[in-house]
Amino acid sequence: MKTTYVYLLSMLFLTTACLQTKSKDNEESGAGNKFQEKFRPQVHFTPQKHWMNDPNGMVYYKGEYHLFYQHYPEKSVWGPMHWGHAISTDLVHWEHMPIAIYPDSLGYIFSGSAVADHNNTSGLGTKENPPLVAFFTYHDMKAEKEGRFTEIESQAIAYSLDKGRTWTKYKGNPVVKNPGIRDFRDPKVIWHNDSKQWIMSIASGQVIKFYSSPNCLDWTYLSEFGEGRGEHGGVWECPDLFPLQVKGSNETKWVLIVNINPGGPAGGSATQYFVGDFNGKEFISAQSKTQWMDYGKDNYAGVTWSNAPESRRILIGWMNNWEYAGEKPCIEWSGAATFPRELGLVKELDTYLLTSEPVKEIEKLYGEKVEFINQDIKGIMTISDRIPFAKSPVDIRLRFDIADKTKMGFPSKYGITLKNSRGEYITVGYDNVDSFFYVDRTNAVGEVFSEKFALTHIVPFIANGNYADWRIVVDKTSLEFFAADNKVVITDLYYPTEDFDIIEIFAENGQIRLGEASITELKSIWK
Ligand code: FRU
């Protein structure tokens, strides 16, 4: 049963008329349930046990979203890579499956993708029962130890004839041999309808190389993209190439996602993207400025689902950063996926910008909801007193009235803070003097485990218009912040000694109106 609280406040700070209906759900505490360890995310995918990094092989097939992931099943640190596996029918609830692909004498199983080969172009299935084909990188540790650098990485195939339950490695592996490049990995394969061929994008040092194939098995080199383009502060990894229709128009552009490590805007791992055209041979982009998909520190190696229904472009990333992954305080398991995000494309003047927002299926997790209307914020207003589920994961929506942003009396900073009674907190804010969004997690961990963690991450952005709409998906140890019509995203982790259960809205040196706000409980995906 849902409870709805509606808080109406006229102009006066903290004078609240509260209309309250129905009673709180009599929810069980969760004690004795699975996945209830300290720090365990409740609305994000995590492996049952031990290490996970990149999401891999995401493909939708016969009503099921498959999620594979870089997995070391023995320990909660990186090690010999397998492909772990999970299945969902709604993108939010996941069933853990047995390990899909094991390392062998050719190497560890590094990141990659999967497709539904509907026309059985590969001949690995039949017309009646077409195969799912997975593409991964073999990483040969022996070659690496012996310094045979150009023999370390090559691309290989495994296929499934039983809806992804079991996988057979192709006998002719590898299908793309190493062309003499040390870092040559993370094949992402798509079907290019215009040229009627498969296209594989491979991260190759600091460029992306494209290959084509009629049958998933025989690959021909086409071209490369990246020299002198975007950021080059680290190695390029995990590419993705896909078309997206520009919002409000009939124009379709191609997006090339390129993960980079290190060299991100917040330090360490991050995701840049390029918008342009792909003609079946070359990717061409006129974009001159680097564009980041996320300005936080904890969204890496994100790629999108193949074959998703209704041409949706859904991305999931690894919610972590190579600067400290493995050091963070998780014992039973390590690593989580971001909340799945639907991508879109907008055009502003001559610039194409990617947008990301939590998939609408998040609504399947909705519980109770508390709404606030017309609150004038001056200083700090604690709202959690009115939110019985303030400790749970929540979906927060805030609409600030910023029409007066250049006038006297408008605050220098405003935003929201999540905290606990021990003085640990994380703040999401906007600096109206220097025009940037920020997430301050300098005091968001109990135990310091990395010098690179406790920092503030910012996004330079001039907020305009009359309203600023913010969305924040909060879990036990993460927040995902979406603003500026989903063009600004910050994903950041935190590890407080005790759960954050205090929620404050603040305005510094002035007053701002919070026109509308809602805090919606998110029910655990594991219960
Ligand atoms: C990205 C990455 C990939 C590689 C995998 C190894 O996080 O480094 O490039 O395939 O992780 O686990």
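On a predicted model such as this, the values are computed, not experimentally measured, just so you know. (Residues numbered from 1 in each chain as written. Predicted model: local features only at pLDDT ≥ 70, side-chain atom pairs only at ≥ 80, totals over all residues. Heavy atoms only, no water.)

> How should I be thinking about the pattern of salt bridges in this particular structure?
Oppositely charged side chains can pair when the atoms bearing their charge come close. Counted by the stated rule, this structure contains 29 salt bridges. Residues Lys169 and Asp104 are paired through a salt bridge, measuring 2.9 Å at the closest nitrogen-oxygen approach. Residue Lys169 is found in strand 10 (residues 168-169), and its partner Asp104 is found in the loop between strand 6 (95-101) and strand 7 (108-116); the two are separated by 65 residues along the sequence. Its salt-bridge partner being Asp298, residue Arg441 comes within 2.8 Å of it at the nearest N-O pair. Note that Arg441 is positioned in the loop between strand 29 (436-440) and strand 30 (456-460) and Asp298 in the loop between strand 19 (291-292) and strand 20 (300-304), a separation of 143 residues in sequence. With relative accessibility at 0%, the residue Arg441 sits in the buried group. Overlapping salt bridges, with partners in common, bring together Glu153, Asp183, Arg185, Asp186 and Glu237 in one network. (Salt bridge = Lys/Arg side-chain N within 4 Å of Asp/Glu carboxyl O. Helix = DSSP H or I, 4+ residues; strand = E, 2+ residues; numbered from the N terminus. Buried < 20%, exposed > 50% of the residue type's maximum accessible area, 1.4 Å probe, protein only.)

> Could you clarify how one ought to interpret the pairing of strand 30 in this entry?
Within a regular beta strand, the side chains point alternately toward one face of the sheet and then the other, so they alternate between its two faces. Alternating residues of strand 30 divide into His457 and Val459, all buried, and Thr456, Ile458 and Pro460, none buried. The sheet contact formed by strand 29 and strand 30 spans five bridges and is antiparallel. Its bridge partner being in strand 30, Asp440 is matched across the sheet by Thr456. (Pairing = 2+ DSSP bridges.)

> Mind showing me how you'd approach the site of the ligand here?
In the vicinity of the ligand, the contacting residues are Asn53, Asp54, Gln70, Trp78, Met81, Phe110, Ser111, Arg185, Asp186, Glu237, Tyr300 and Trp322. Within the side chain of Trp78, an N or O atom sits 3.0 Å from an oxygen atom of the ligand. A distance of 3.1 Å separates an oxygen atom of the ligand from a polar atom in the backbone of Ser111. The fraction of the free accessible surface of the ligand (320 Å²) that becomes covered by protein chains is 95%. Split by residue class, the shell around the ligand holds five nonpolar, three polar and four charged. (Near = heavy atom within 4 Å. Polar contact = N/O pair within 3.5 Å; in protein donor to acceptor, adjacent residues only side chain to side chain. Areas by Shrake-Rupley, 256 points an atom, 1.4 Å probe, with all protein chains shown as cover. Nonpolar A, V, L, I, M, F, W, Y, C, P; charged D, E, K, R; others polar.)

> Please clarify how the nonpolar core should be interpreted in this entry.
Soluble globular proteins tend to pack their nonpolar side chains together in the buried interior. In this structure, Phe210, Phe400, Phe437, Trp470 and Leu479 are the most contacted members of the largest nonpolar core, which totals 63 residues. Setting aside residues up to four positions removed in sequence, Phe400 forms contacts with Tyr414, Gly415, Asn466, Tyr467, Ala468, Trp470, Ile505, Ile512, Arg513 and Leu514. Among the nonpolar cores identified, the runner-up in size contains 41 residues, and Trp51, Ala308, Ala337 and Phe339 belong to it. (Core = buried A, V, L, I, M, F, W, Y, C linked by side-chain atoms within 4.5 Å. Contact = heavy atoms within 4.5 Å.)

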